Amino acid sequence: MTESGAVLKVAMPKGRIYKQASKLFRQAGLPIPEDFDDSRKLIVPVPEANMEFIMAKPVDVPTYVEYGVADIGIVGKDVLMEENKDVYELLDLGIAKCRMSVIGLPNWKPVINPRVATKYPSVASQYFRERGQQVEVIKLNGSIELAPLIGLADRIVDMVETGQTLQENGLVEMETLFSVTSRLIANRVSYRLQNAAIQALCDRISQTLAGAVRA
Ligand code: PRP
């Protein structure tokens, strides 16, 4: 039980982070049911741990945590940078490693006011603004690599994990903005009211991560 007696609500990102995040939680002794991995269920209570998992679209995790409908959540640093929500960042989980990069066709030539397509308009705008480069940012929601191939944008700002998408589409990385891993975040009020439960969870995960590094 937490100090407030409340169930600890955890926002879990669906999709590519989920597999690694659920593995880490299980290694830390937190009982996420195995049959949950392929389920379409959105709220999964785990009464034996006094927890409840909320399956969220990754980009929405910081919003759930900021509003306190989830006490803690797992989210990529990319989303955290883009969404800029008022949450505590507690732990670098070291999973779902990738990087945020500027990408283009190999024969790209500088133009005045180039168009940059991205899922991360805030991150991209800030990056070019800080470099004094004027660009037009175009927000897309996926398959960003299409943009330079079909002439929508001169460059893109997107995530690179294995590099396979770039390779298969004849694109090259030009600059890296920052490296990305998943983070554990907490609602500010929950962090105070449920501090013992959240701290215990952080400790278990930290020990698991330290063990993985030593192994
Ligand atoms: C992400 C990212 C790249 C790709 C990079 O897209 O936006 O397109 O993965 O991975 P790679 O370097 O291993 O090829 P995602 O699969 O999330 O889908 P999306 O294109 O719909 O955004």
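Everything quoted here is computed from the prediction, not taken from an experiment. (Residues numbered from 1 in each chain as written. Predicted model: local features only at pLDDT ≥ 70, side-chain atom pairs only at ≥ 80, totals over all residues. Heavy atoms only, no water.)

(A) Representation of the sheet that holds strand E10 (residues 172–180) in the model. The strand order across the open sheet formed by five strands is E8-E7-E9-E6-E10, and the pairing between neighbours is mixed. Two strands in the sheet have a free side with no partner beyond their single neighbour: strand E8 (136–139) and E10. Shown here is a sheet whose adjacent strand axes are inclined to one another by a mean of 25°, direction ignored. Two strands pair when backbone bridges link them, and strand E7 (residues 115–118) and strand E9 (residues 155–160) are joined in this way by three bridges, in the parallel orientation. If you follow Thr-118 over to E9, its bridge partner there is Val-157. Against the sheet, helix H4 (residues 121–130) contacts strand E6 (98–104), E7, E8, E9 and E10, and its axis sits at roughly 110° relative to E10. (Pairing = 2+ DSSP bridges. Helix = DSSP H or I, 4+ residues; strand = E, 2+ residues; numbered from the N terminus. Axes fitted to C-alpha atoms, helices over the stretch in contact; angles between N-to-C directions. Contact = heavy atoms within 4.5 Å.)

(B) Quick peek at the environment of Thr-208. Structurally, Thr-208 is set in helix H8 (residues 195–214). The buried category is assigned to Thr-208, whose relative accessible area is 16%. Placed 74 residues apart in sequence, Thr-208 and Gln-134 show a C-alpha to C-alpha distance of 45 Å. Not counting residues up to four positions away in its chain, the partners in contact with Thr-208 are Leu-24, Gln-27 and Ala-28. Within polar-contact distance, the side chain of Thr-208 engages the backbone oxygen of Arg-204 at 2.7 Å. (Buried < 20%, exposed > 50% of the residue type's maximum accessible area, 1.4 Å probe, protein only. Polar contact = N/O pair within 3.5 Å; in protein donor to acceptor, adjacent residues only side chain to side chain.)

(C) Spatial organisation of the side chain of Asn-187. Mapped onto the fold, Asn-187 is located in the loop between strand E11 (182–186) and helix H7 (188–193). By relative accessible area, Asn-187 is classed as buried at 7%. A polar contact is formed between the side chain of Asn-187 and the backbone oxygen of Glu-66, at a distance of 3.2 Å. A polar contact of 2.9 Å, which involves the side chain of Asn-187, links it to the backbone nitrogen of Ser-190. Excluding its chain neighbours within four sequence positions, the residues that come into contact with Asn-187 are Val-65, Glu-66, Tyr-67, Gly-68, Ala-70, Asp-71 and Tyr-88.

(D) Spotlight on the packing of aromatic side chains. Per the counting criterion, the structure on display carries three aromatic pairs. Residues Tyr-88 and Tyr-191 carry aromatic rings whose centres are separated by 5.3 Å and whose planes lie at 65° to one another, so their mutual orientation is edge-to-face. Highlighted residues: Tyr-88 in strand E5 (residues 88–92) and Tyr-191 in helix H7, separated in sequence by 103 residues. Look at Tyr-88 and you get partly exposed, because its relative accessible area is 31%. Here Tyr-127 and Phe-128 contribute two aromatic rings whose centre-to-centre distance is 5.2 Å and whose plane-to-plane angle is 80°, an arrangement assigned as edge-to-face. Take Tyr-127 and Phe-128: they sit in the same class, and that class is buried. (Phe/Tyr/Trp six-rings, centres within 6.5 Å; stacked < 30°, edge-to-face > 60°.)

(E) Summary view of the environment of Thr-181. Within the fold, Thr-181 resides in the loop between E10 and E11. Sequence separation of Thr-181 and Pro-47 is 134 residues, and the distance between their C-alpha atoms is 29 Å. Residue contacts for Thr-181: discarding those within four places in its chain leaves Val-75, Gly-76, Lys-77, Asp-92, Gly-94, Ile-95, Ala-96 and Lys-97. At 2.8 Å, the side chain of Thr-181 forms a polar contact with the side chain of Asp-92. A polar side-chain atom of Thr-181 sits 3.1 Å from a polar atom in the side chain of Arg-183.

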